[in-house]
Amino acid sequence: MAPTMDAEDMVSPAVDLVLGASACCLACVFTNPLEVVKTRLQLQGELQAPGTYPRPYRGFVSSVAAVARADGLWGLQKGLAAGLLYQGLMNSVRFYCYSLACQAGLTQQPGGTVVAGAVAGALGAFVGSPAYLVKTQLQAQTVAALAVGHQHQHQSVLGALETIWRQQGLLGLWRGVGGAVPRVTVGSAAQLATFASAKAWVQERQWFLEDSWLVTLTGGMISSIAVAAVMTPFDVVSTRLYNQPVDRAGRGQLYGGLADCLVKICQQEGPLALYKGLGLAYLRLGPHTILSMFFWDELRKLAARAQR
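The rules behind each value
- Residues numbered from 1 in each chain as written.
- Predicted model: local features only at pLDDT ≥ 70, side-chain atom pairs only at ≥ 80, totals over all residues.
- Heavy atoms only, no water.
- Helix = DSSP H or I, 4+ residues; strand = E, 2+ residues; numbered from the N terminus.
- Buried < 20%, exposed > 50% of the residue type's maximum accessible area, 1.4 Å probe, protein only.
- Contact = heavy atoms within 4.5 Å.
- Areas by Shrake-Rupley, 256 points an atom, 1.4 Å probe, with all protein chains shown as cover.
- Lys, Arg positive; Asp, Glu negative; His and termini not counted.
- Charge placed at Lys NZ, Arg CZ, Asp CG, Glu CD.
- Polar contact = N/O pair within 3.5 Å; in protein donor to acceptor, adjacent residues only side chain to side chain.
- UniProt positions renumbered as here; feature names shortened; annotations may be inferred.
- Salt bridge = Lys/Arg side-chain N within 4 Å of Asp/Glu carboxyl O.
- Axes fitted to C-alpha atoms, helices over the stretch in contact; angles between N-to-C directions.
- Parallel < 35°, antiparallel > 145°, perpendicular 65-115°, else oblique.
- Left-handed = near helix turned anticlockwise from the far one by under 90°.
- Nonpolar A, V, L, I, M, F, W, Y, C, P; charged D, E, K, R; others polar.

Thoughts on the overall build of the protein
Link 1 in the chain: Secondary structure assignment for the protein yields nine helices and zero strands.
Link 2 in the chain: Mapped from its N terminus to its C terminus, the protein presents α and β elements in the order α-α-α-α-α-α-α-α-α.
Link 3 in the chain: Structurally, the protein occupies a C-alpha span of about 55 × 40 × 35 Å along its principal axes.
Link 4 in the chain: Expressed as a percentage of its 308 residues, the buried residues of the protein come to 53%.
Link 5 in the chain: Considering only intrachain contacts with a sequence separation of at least 6, the fraction spanning at least 24 residues in the protein is 80%.
Link 6 in the chain: As displayed, the protein offers around 13300 Å² of accessible surface, 67% of which is attributable to carbon and sulfur atoms.
Link 7 in the chain: In the protein, 23 positive and 17 negative side-chain charges are present, and the distance between their average locations comes to 10 Å.

This is how it looks when you write it as structure tokens:
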């Protein structure tokens, strides 16, 4: 039977909504610079054969330095406001739905944590998609010498939302959601299922005291490996779909959707291009998974004790 939330640490879904969103927003503050660099690595060489394009971003250290030189140190936090909005919207829905599934006993069924995590993630991704769209486009923006991907020239989060609404209508705010939903579905399923399993496994080994924060931290570290492995190809596709230019009708000029993007990347850049920025993806997903699951789990314990 799949492990799930400890009975003594159960809190209401409404509390989980607040705690889950808060935990992931806290994690976002620390990991957003990695998200900026990862986004640019994933857009670098878009639909070009390997070795035929300049590479202003090469690895973690040099890429961070390149962003800082071009955009200043604050440039490493580009898109932070949109990122916080996305994390708040997406994870409030995700953790609320997952908590409901736990209370209903669905996660006690075989494979229940995977299914609950996947469904919760898909719903969260749909709700948060407009914020992720803006975040991606803001993080891709830079000076011409280091520009990769299409440059949208937004001035702010609200300005970006207004521009997209005015030019593409309401549906334009959800452009690219076809790549985001699979991305978060597999990532959420992997994160929530493997975190619960990893934490239970660590507790069984009795490496740490049962209530030690090190149990949560170690479970998050193990979970992050699975999340990065399954999520990166969808992450690359999602970045491309969100950042591509559109015509007057709001249709993407480079990709027709998830499948078309996958095919074009593999044909023109090679299958390994689906793992562009993998190292940065793990450096970002790893700490983000560890911090968000750690904050969430510890805050839940405090909330559960306060309720007793």
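Picking up where we left off.
Quick word on the environment of Arg-240
Link 1 in the chain: Note on placement: Arg-240 falls in helix H7 (residues 213–243).
Link 2 in the chain: Residues Arg-240 and Cys-261, spaced 21 residues apart in sequence, show a C-alpha to C-alpha distance of 7.8 Å.
Link 3 in the chain: Excluding residues within four positions of it along the chain, Arg-240 makes contact with Gln-42, Leu-43, Gln-44, Glu-46, Leu-47, Tyr-255, Cys-261, Ile-265, Glu-269 and Lys-276.
Link 4 in the chain: A polar contact of 3.3 Å, which involves the side chain of Arg-240, links it to the side chain of Tyr-255.
Link 5 in the chain: In this structure the side chain of Arg-240 is engaged in a polar contact, spanning 2.8 Å, whose partner is the side chain of Glu-269.

Digging into unusual backbone geometry
Link 1 in the chain: A positive phi angle is found at Leu-47, which is not glycine, with a value near 55°.
Link 2 in the chain: For Leu-47, the location among the structural elements is in the loop between helix H1 (13–43) and helix H2 (60–71).
Link 3 in the chain: A positive phi angle is found at Gln-153, which is not glycine, with a value near 60°.
Link 4 in the chain: Examined against the element boundaries, Gln-153 turns out to sit in the loop between helix H4 (112–140) and helix H5 (157–168).

Structural notes on the UniProt feature "repeat: Solcar" (unreviewed entry) in the protein
Link 1 in the chain: Here the UniProt-annotated "repeat: Solcar" (unreviewed entry) positions come out as residues 11–104, 108–201 and 211–302.
Link 2 in the chain: The annotated region residues 108–201 carries 70% helix and 0% strand content, and the separation between its end C-alpha atoms amounts to 16 Å.

Things to note about the environment of Asp-260
Link 1 in the chain: You can see Asp-260 is positioned in helix H8 (residues 258–269).
Link 2 in the chain: Sequence separation between Asp-260 and Val-237 is 23 residues, and the spatial gap between their C-alpha atoms is 9.8 Å.
Link 3 in the chain: Setting aside its immediate chain neighbours within four residues, Asp-260 contacts Leu-254 and Tyr-255.

Some details on the pattern of salt bridges
Link 1 in the chain: Taken as a whole, this structure holds twelve salt bridges when the rule is applied.
Link 2 in the chain: Glu-35 is the partner of Lys-38 in a salt bridge, and the nearest nitrogen-oxygen pair spans 3.0 Å. With a gap of three residues between them, Lys-38 and Glu-35 both fall in helix H1, about one helical turn apart. When sorted by exposure, Lys-38 lands in the same class as Glu-35, which is buried.
Link 3 in the chain: Where salt bridges share partners, they join Glu-35, Lys-38, Lys-135, Arg-183 and Asp-235 into one cluster.

Some thoughts on the packing of helix H3 (residues 80–103) against helix H6 (residues 177–205)
Link 1 in the chain: Direction vectors running N to C along H3 and H6 enclose 55°, while the axes themselves pass 13 Å from each other. In terms of their interaxial angle, H3 and H6 are classed as oblique. In this structure, H3 crosses over H6, and the sense of that crossing is right-handed. Here Tyr-86, Met-90, Arg-94, Phe-95 and Tyr-98 of H3 come into contact with H6, specifically with Arg-183, Val-184, Ser-188, Gln-191 and Leu-192.
Link 2 in the chain: For the contact of H3 with H6, the per-class residue count stands at six nonpolar, two polar and two charged.

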